[in-house]
Amino acid sequence: LLLLCCTEEAAVIVSGLKNTDVFVGESATFTCELSHPGVKNVQWWLDGSPLHNNLVTEISEQDGMIHTLTLNDVACHDSGTVTFRAGSLISSAKLLVKGILLLK
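Calculation rules
Residues numbered from 1 in each chain as written. Predicted model: local features only at pLDDT ≥ 70, side-chain atom pairs only at ≥ 80, totals over all residues. Heavy atoms only, no water. Helix = DSSP H or I, 4+ residues; strand = E, 2+ residues; numbered from the N terminus. Buried < 20%, exposed > 50% of the residue type's maximum accessible area, 1.4 Å probe, protein only. Areas by Shrake-Rupley, 256 points an atom, 1.4 Å probe, with all protein chains shown as cover. Pairing = 2+ DSSP bridges. Contact = heavy atoms within 4.5 Å. Axes fitted to C-alpha atoms, helices over the stretch in contact; angles between N-to-C directions.

J.: Would you take a moment to explain the overall build of the protein chain for this structure?
T.: Each helix and strand counted, the protein chain has 0 helices and 9 strands in total. Ordering the α and β elements of the protein chain from the N terminus gives β-β-β-β-β-β-β-β-β. Of all 104 residues assigned to the protein chain, the portion counted as buried reaches 33%. By element, 58% of the accessible surface of the protein chain is carried by carbon and sulfur atoms, the whole surface being about 6,700 Å².

Here it is as structure tokens:
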């Protein structure tokens, strides 16, 4: 009898990233849910650059399955493609930061 446990290859993305539009100075949050915990090599990217936890970039996970990225106080130059990668799984979405038009 051979018992197969949950391996990285068996994990799937239950709920992927969604395109998000925010205004300058707001926060943008992206969430990706995996089918089970334990997937290694989890990484977030913005336009090909790896993101790390700091004051502006908040990276968290809940129960090892719900991975969340929050970009605080975004600027126009933060617009781009956000990518979540966990092992061989990838989910991407667009971030659009809109400027505020001041009418005189």
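Having seen the model, we can carry on.
J.: Hey, could you run me through the pairing of strand E6 (residues 57-62) in this one?
T.: Strand direction decides the pairing type here: E6 and strand E7 (residues 66-71), joined by 6 bridges, are antiparallel. When the sheet's bridge partners are listed, Gln-62 is paired in E7 with Ile-66.

J.: Got a minute to help me understand the side chain of Thr-70 in this structure?
T.: Mapped onto the secondary structure, Thr-70 falls in strand E7. Residue Thr-70 is classed as buried on the basis of its relative accessible area of 14%. Excluding residues within four positions of it along the chain, Thr-70 makes contact with Ser-27, Ala-28, Thr-29, Val-56, Thr-57 and Glu-58.

J.: Just to check I follow, could you spell out the sheet that holds strand E4 (residues 42-46) for this structure?
T.: As summarised here, the arrangement of the 5 strands in space is E2-E9-E8-E4-E5, forming an open sheet in which the pairing is mixed. The strands lining the two open edges of the sheet, one partner per strand, are strand E2 (20-23) and strand E5 (49-50). In this sheet, E5 lies alongside E4 in antiparallel orientation, the contact comprising 2 bridges. Paired with Leu-46 across the strands is Ser-49, a residue of E5.

J.: What am I meant to see in the sheet that holds E7 here?
T.: Each strand in a sheet pairs with its neighbour through backbone hydrogen bonds, running either in the same direction (parallel) or in the opposite one (antiparallel). What the 4 strands build is an open sheet, ordered E1-E3-E7-E6; its pairing is antiparallel. Pairing within the sheet leaves two strands with one partner each, and these edge strands are strand E1 (13-15) and E6. Going from strand to strand, the sheet's axes swing by 25° on average, the running direction of each strand aside.

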